[in-house]
2 protein chains.
Amino acid sequence: MNELRKDYLIDRWVIIADERAKRPHDFKTEDVQDNKDKCFFCPGKEHMTPPEISRIEEDSKWILRVIPNKFPAVSPCGVPEIKTDNTFYTYANAYGRHEIVIETNEHGKELEDLSKEHIKKILETFILRISELMKDPEIDYVSVFKNKGKGAGASIAHCHSQIIAYNSVPATIKYELEASYKYYVLNKKCAFCDIISREKNSDRRVFETRHTVAFTPYASRFPFEIWLFPKRHISGIGELDGDELLEFADSLKRILSKLKDIGNTPYNILFHSTTDYFGNYHFHVEILPRLTTWAGFELETGTIINPVSPEDAAKFYRGEL
Amino acid sequence: MNELRKDYLIDRWVIIADERAKRPHDFKTEDVQDNKDKCFFCPGKEHMTPPEISRIEEDSKWILRVIPNKFPAVSPCGVPEIKTDNTFYTYANAYGRHEIVIETNEHGKELEDLSKEHIKKILETFILRISELMKDPEIDYVSVFKNKGKGAGASIAHCHSQIIAYNSVPATIKYELEASYKYYVLNKKCAFCDIISREKNSDRRVFETRHTVAFTPYASRFPFEIWLFPKRHISGIGELDGDELLEFADSLKRILSKLKDIGNTPYNILFHSTTDYFGNYHFHVEILPRLTTWAGFELETGTIINPVSPEDAAKFYRGEL
């Protein structure tokens, strides 16, 4: 059973996911599975995936499916409580659910190629899954993310996202929550709302629509990193109403379409979304193009070298570069 | 001038190193420069590197050179003090020195191919450079690391390491220092000394020599990650004496030679070394094979999925797998 483990000393967690029991020589670099005939995510191959969780149909054909990941990082069994021996060993079973959202039935289409109405349906699917998965009291966080391209960690080309619901509040989210709570106590305002109002008029502004704001973050980790916020102060994606959701989908499409100008860029999309009980948070999406490789310096220090300034990246997105 | 910047809210730092001013289309994936005829790190091309900082010679030929990095992430100018506007913007110039250690004059030889005596000379070079660089009061940390192979972020194949001395105590080291200090206050013992004594008899043990211990860490982030410690409680590499240093070099060679069994594995080597004034630390080296890619989940949560358990990795290093 996969195990969640903490570093001896620092707040750094890993999931030891050795159920697939890779041997040393199994690590030859694999290309992304992009052969349509062999693609399990294509129509006609439904019997080759684990039993479906849900689907959306149009004209009695599915246009989106949710399935369990065949090689899950977490699974709904074992002991979810985190235990420690009070010295160096802190652990739990890696408890939870790992799902795949197949975002379209058309092999070769990317998220940015889909209509905003279709992307809205994908976002609605995330909302439904988060809501369903959070019903399990052992689940502390539902991580929704997309890996596109080999450089972003994808192993299958057919357009999809992943959902990992698990028994830990992730460090990144926890630190953001702590910092935004501290800011709230001092200023009686949401830190992110204030960041948005500063950045939408800064050199890092990309665009503003009725309900959304996009900018390149001040301390961007990646070349052309960009964040998308809803203007309204909400902690989770589930609080977006219909109009906001459609516009959010459209803004996401707009960013990814522009990113395509660089070429077939691998990227990750991270949905930083919490549910109400976390309190003072502001939902946002981080889009991380993966054009650089974190090397020894990044891994040793945690300080990340980014060869493109967010100010230049914003110019690129604004069409000025 | 390159800039050190902190995230709006959390303790996450970046160096915006845009002096090379890459444009969007400059990011085509580049292969590692492995053409001997074009290699600036080879003998005969000394005039094509920035002016040499130091060298070691044998039979009136150099066998190791230290040079400034032609494309430095940090530079010795600007304002090194970290400033903040007390809202979201915390920054400094990315002040410091960025150097390259060309570890051999033989193109194609890897660190593990060199004799332990030669590796000892490399370690002595690190010690001299750290000592020299730390004389600048604006320098807070000297990061010594190696990137081998494209997957580990290397752009040049000729065997080399890098040194980045800069104006910040890196988050990773700071957290380790804080945690080990807390442990010391509670237990009146070095946390790392206690970890070593637990791990050298655990399922994660790899080997023990007179002066060194190697094991795969409990919460390994990477398949086949392995840590090498000197047994003696010292905070920095500079405190190793001649015998210890030679044995440490030999242990490093032993690990890397075994790693070669997997194939031409990209890896990073991180020297977690502090100087005396940090106090309660225990120097060690982390070797990180780069067989996996951190994807959306890792970047969103900070929780890292590792498909090989450290217990299996230790079996591999012990020759049992």
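Every value quoted in this text rests on a predicted model; they were computed, and no experiment measured them.

### A closer look at the nonpolar core
Here is step 1 of the chain: Among the nonpolar cores identified, the biggest contains 163 residues, and Ile15(A), Ile226(A), Ile15(B) and Ile226(B) are the most heavily contacted of them.
Here is step 2 of the chain: Setting aside chain neighbours within four positions, we find Ile15(B) in contact with Thr303(A), Ile305(A), Asn2(B), Leu4(B), Ala73(B), Val74(B) and Ala94(B).

### Some points on the domain arrangement of chain A
Residues and elements named next belong to chain A.
Here is step 1 of the chain: Domain assignment breaks chain A into domain 1 (3-168) and domain 2 (172-317).
Here is step 2 of the chain: Using C-alpha coordinates to define each centre, domain 1 is positioned 22 Å away from domain 2.
Here is step 3 of the chain: Contacts between the two partners involve 22 residues from domain 1 and, on the opposite side, 23 residues from domain 2.
Here is step 4 of the chain: For the side of domain 1 that touches domain 2, the secondary structure elements donating two or more residues are helix H1 (116-133) and strand S8 (141-148).
Here is step 5 of the chain: Broken down by element, the residue count for the side of domain 1 that touches domain 2 peaks at 9 residues, all from H1.
Here is step 6 of the chain: Of the residues belonging to the side of domain 1 that touches domain 2, the class tally is 11 nonpolar, 4 polar and 7 charged.

### Re helix H3 (residues 191-199) of chain B
Residues three or four positions apart in an α-helix share a direction because the helix packs 3.6 residues into each turn.
Here is step 1 of the chain: When we look at burial in H3(B), the residues that qualify are Ala191(B), Phe192(B), Ile195(B), Ile196(B) and Glu199(B). The buried side chains of H3(B) occupy one side of the element, clustering within an arc of 135° when seen end-on.

### Observations concerning the relation of the copies chain B and chain A
Here is step 1 of the chain: Laying chain B over chain A is done by rotating through 180° and shifting 0.0 Å along the axis; what remains is an RMSD of 0.0 Å. Classification of the inter-copy transformation places it as that of a two-fold axis.
Here is step 2 of the chain: A share of 99% of interface residues in chain B that are also interface residues in chain A marks the association as one of identical surfaces.

### Section: the interface of chain B and chain A
Here is step 1 of the chain: On the chain A side, the residues contacting the 73 residues of chain B number 73 residues.
Here is step 2 of the chain: If you tally residues by element for the side of chain B that touches chain A, the top one is helix H2 (residues 171-187) of chain B, at 7 residues.
Here is step 3 of the chain: Residue classes in the side of chain B that touches chain A are distributed as 41 nonpolar, 17 polar and 15 charged.
Here is step 4 of the chain: As paired strands, strand S15 (residues 304-306) of chain A and strand S2 (residues 13-16) of chain B are joined by 3 bridges and run parallel to one another. Considered in S2(B), the bridge of Ile305(A) is made with Ile15(B).

Conventions we followed
Residues numbered from 1 in each chain as written. Chains lettered and ligands numbered in written order. Predicted model: local features only at pLDDT ≥ 70, side-chain atom pairs only at ≥ 80, totals over all residues. Core = buried A, V, L, I, M, F, W, Y, C linked by C-beta atoms within 7 Å. Buried ≥ 20, exposed ≤ 12 C-beta atoms within 10 Å, placed from the backbone. Contact = placed C-beta atoms within 7 Å. Domains from an automatic or database assignment. Helix = DSSP H or I, 4+ residues; strand = E, 2+ residues; numbered from the N terminus. Nonpolar A, V, L, I, M, F, W, Y, C, P; charged D, E, K, R; others polar. Arc of directions from axis to C-beta. Least-squares fit on C-alpha atoms with pLDDT ≥ 70 in both. Pairing = 2+ DSSP bridges.

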